[in-house]
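Close look at the chain arrangement
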Amino acid sequence: MTQSLPADRESAFKHFAPLVAAIPDDALEHWHYDAEIVRGNTQRCLDALEPILQATAKKMGHIDVAEIRELPRLGLALAFADARVFTPASAQEIKTTQARQRPKRKLAILQLTVLNEMGLIKDGSRVEAILPGRGAIDEAQDGVACVAVFRENKAKIAGKHPFDEAWLAELAADSNWLLDQIKVSGAKTDKGPKSADSLVRDQLLAEIVRRYGQGKKVAVERWGWKHVDEHYPALFSREIGAATTTAAPAGMAEPGVVKPNP
């Protein structure tokens, strides 16, 4: 029953992800949508249909009312899934973070070198291993390694360097972020296979589109093609008021004519 479905995003994702896992990759579209817009519109679609859904669907036959009523929960699952998908940063975002990380990396290495010379670092080879190397990835790895050494020797070097935990946390966060971004920026990810996270997101969208199409059939039965867009919202519309006639983005089939899965 719809009433028993989870109302939070993570639980909705865990419920629906296994149910859409069989949707094949070749049935999915290239993602260029706004998950939050789709999520909001799934609720608007159900709100528009609910007063007439049961009676109209009963006259039609072959309409799964429960599936249509699950649209808002599927929207929650989609929003959660989209948040899990890694999105490469722009070149400017990487450059800005590097400008913040590099001076801290330099200071951290200098300070660890001094502390190591004073015999205050438990494993001096950890500091020596940071020094060789060059390049953007190496710089990011240095930042991660520096913070690890500071934290591993925290008790012994307390009060002997100027860096507080917030300073070290920012160096670690920037360094880890740069590692992820720089590694991806050199790969042609758009030509490779979908990641597991993007695959399940796209499968959820495909299921939403299919069920939206079922809902639109009900809407057409009730209001007719001439007036359906006045009552039944467009799935990808950014409008938040009355229903609009906004078309689906290029590449996505018109939801009103999507065929149900056999």
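The residue numbering used here restarts from 1 in each chain and proceeds along that chain's sequence as written. Local features in this predicted model are restricted to residues whose pLDDT is 70 or higher, and side-chain atom pairs enter the listing and the counts only when it is 80 or higher, whereas totals over whole chains, interfaces and linings include all residues. Values shown for side chains rest on all heavy atoms present in the structure; no hydrogens or waters enter the calculation.

The next subject is the overall build of the chain. Here a strand is any run of E in DSSP of at least two residues, a helix any run of H or I of at least four, and the numbering for each starts at the N terminus. The helix and strand inventory of the chain stands at ten helices and zero strands. Taking all 262 residues of the chain together, the buried fraction comes to 45%. Surface exposure here means Shrake-Rupley accessible area, sampled with a 1.4 Å probe, where a residue is shielded only by the protein chains that are shown. For the chain, the exposed area adds up to about 14,500 Å²; of that, 55% sits on carbon and sulfur atoms. Burial classes: relative accessible area under 20% of the type maximum marks a residue as buried, over 50% as exposed, and values in between as partly exposed (1.4 Å probe, protein chains only).

Mapped onto the elements of the fold, Arg201 is located in helix H10 (residues 196-231). Distance and chemistry together define a polar contact, namely a pair of N or O atoms within 3.5 Å, with one atom able to donate a hydrogen and the other to accept it when in protein, and with adjacent residues in sequence counting only for side-chain atoms on both sides. Only 2.9 Å separates the side chain of Arg201 from the side chain of Asp202, close enough to count as a polar contact. It only takes one pair of heavy atoms within 4.5 Å for two residues to be counted as in contact. Those residues in contact with Arg201 that sit more than four places away from it in its chain are Trp31, Leu78, Ala81, Asp82 and Val85.

Time to look at helix H4 (residues 71-84). Helical geometry: 3.6 residues make up each α-helical turn, so side chains three or four residues apart lie on a common side. The end-to-end C-alpha distance of H4 is 20 Å, a good match for the 20 Å that 14 residues give at a rise of 1.5 Å each. The complete set of buried residues in H4 reads Leu71, Pro72, Leu74, Gly75, Leu76, Ala77, Leu78, Ala79 and Ala81. In this structure, the buried side of H4 is in contact with helix H1 (9-20), helix H2 (35-60), helix H3 (65-69) and H10. Take the number of residues in a helix, subtract one, and multiply by 1.5 Å to get its expected span.

Atomic detail in the predicted coordinates should be set aside for any region of low pLDDT. Confidence of the predictor at the level of single residues is given by pLDDT, which spans 0 to 100. Of all residues in the chain, 85% have pLDDT values of 70 or greater, and the mean over the chain is 86. Below pLDDT 50 for its whole length, residues 241-262 participates in 49 contacts with residues either more than four positions away or in separate chains.

Attention now goes to the packing of aromatic side chains. The relative placement of two aromatic rings is captured by the distance of their centres and the angle of their planes. Two aromatic rings from Phe, Tyr or Trp, using only the six-membered ring of Trp, form a pair when their centres are within 6.5 Å; if the ring planes differ by under 30 degrees the pair is stacked, by over 60 it is edge-to-face, and anything between is tilted. Counted according to the given criterion, the structure contains six aromatic pairs. Clustering of aromatic rings is evident, with ring pairs tying together Trp31, Tyr33 and Phe236.

All right, on to H1 then. Over its twelve residues, H1 runs 16 Å from end to end, which matches the ideal 16 Å to within 8%, given 1.5 Å per residue. Those residues of H1 hidden inside the fold are in contact with H4 and H10. The distance from a side-chain oxygen at the start of H1 to the backbone nitrogen of Glu10 is 3.4 Å, and the residue carrying that oxygen is Asp8.

Once that is clear, we can look at the packing of H1 against H4. One way to put it is that H1 packs onto H4 with a least axis distance of 7 Å and a crossing angle of 100°. Classed by the angle they form, the pair H1 and H4 counts as roughly perpendicular. Across the interface between the two elements, Arg9, Glu10, Ala12, Phe13 and Phe16 from H1 touch Arg73, Leu74, Leu76, Ala77, Ala79, Phe80, Ala81 and Arg84 from H4. Here the term charged refers only to Asp, Glu, Lys and Arg, the term nonpolar to Ala, Val, Leu, Ile, Met, Phe, Trp, Tyr, Cys and Pro, and the term polar to all other amino acids, Gly among them. Split by residue class, the contact of H1 with H4 holds nine nonpolar, no polar and four charged. A fitted line through C-alpha atoms serves as each axis, taken over the contacting stretch for helices, and the angle formed by two N-to-C directions is quoted from 0 to 180°. Oblique is the label for every angle not falling under 35 degrees (roughly parallel), over 145 degrees (roughly antiparallel), or within 65 to 115 degrees (roughly perpendicular).

To continue, consider the packing of H2 against H4. Contact geometry of H2 with H4 gives a least axis separation of 8 Å together with a crossing angle of 175°. With respect to H4, the element H2 is oriented roughly antiparallel. Contacts from Ala35, Glu36, Val38, Arg39, Thr42, Gln43 and Leu46 of H2 reach H4 at Leu71, Pro72, Gly75, Leu76, Leu78, Ala79 and Asp82.

A carboxyl oxygen of Asp or Glu within 4 Å of a side-chain nitrogen of Lys or Arg is what we treat as a salt bridge. Taken as a whole and assessed by the stated rule, the structure comprises 20 salt bridges. The salt bridge involving Glu70 is made with Arg211; its shortest N-O contact spans 2.4 Å. Separated by 141 residues along the polypeptide, Glu70 in the loop between H3 and H4 and Arg211 in helix H10 bring together distant segments of the chain. Measuring nitrogen to oxygen at the nearest pair gives 3.8 Å for the salt bridge that ties Lys216 to Asp229.

To continue, consider the side chain of Asp202. Relative to the assigned elements, Asp202 resides in helix H10. Leaving out residues up to four positions away in the same chain, Asp202 has contacts with Leu28, Glu29, Trp31 and Lys194.

On to the nonpolar core. Counting residues in hydrophobic clusters, the biggest one holds 41 residues, and the most contacted among them are Leu49, Leu78, Leu204 and Leu205. It is H10 that contributes the most residues to this core, twelve residues altogether. When neighbours within four sequence positions are excluded, Leu78 is seen to be in contact with Trp31, Ala35, Val38, Arg201, Leu204, Leu205 and Ile208. Joining through side-chain atoms within 4.5 Å is the link that ties buried Ala, Val, Leu, Ile, Met, Phe, Trp, Tyr and Cys residues into a set, and such a set is a nonpolar core.

Right, let's talk about the environment of Ala12 for a bit. With respect to the helices, strands and loops of the structure, Ala12 is situated in helix H1. Taking relative accessible area as the criterion, Ala12 reaches 0% and is therefore assigned buried. On a C-alpha basis, the gap between Ala12 and Phe80 in space is 8.4 Å, while along the polypeptide they are 68 residues apart.

Let us now look at unusual backbone geometry. Phi at His62 is positive, roughly 60°, even though this residue is not glycine. Its location among the elements puts His62 in the loop between H2 and H3.

Turning our eyes to something else, we now look at the environment of Arg73. By the element assignment, Arg73 lies in helix H4. Separated by 30 residues in the primary sequence, Arg73 and Gln43 have C-alpha atoms spaced 8.5 Å apart.

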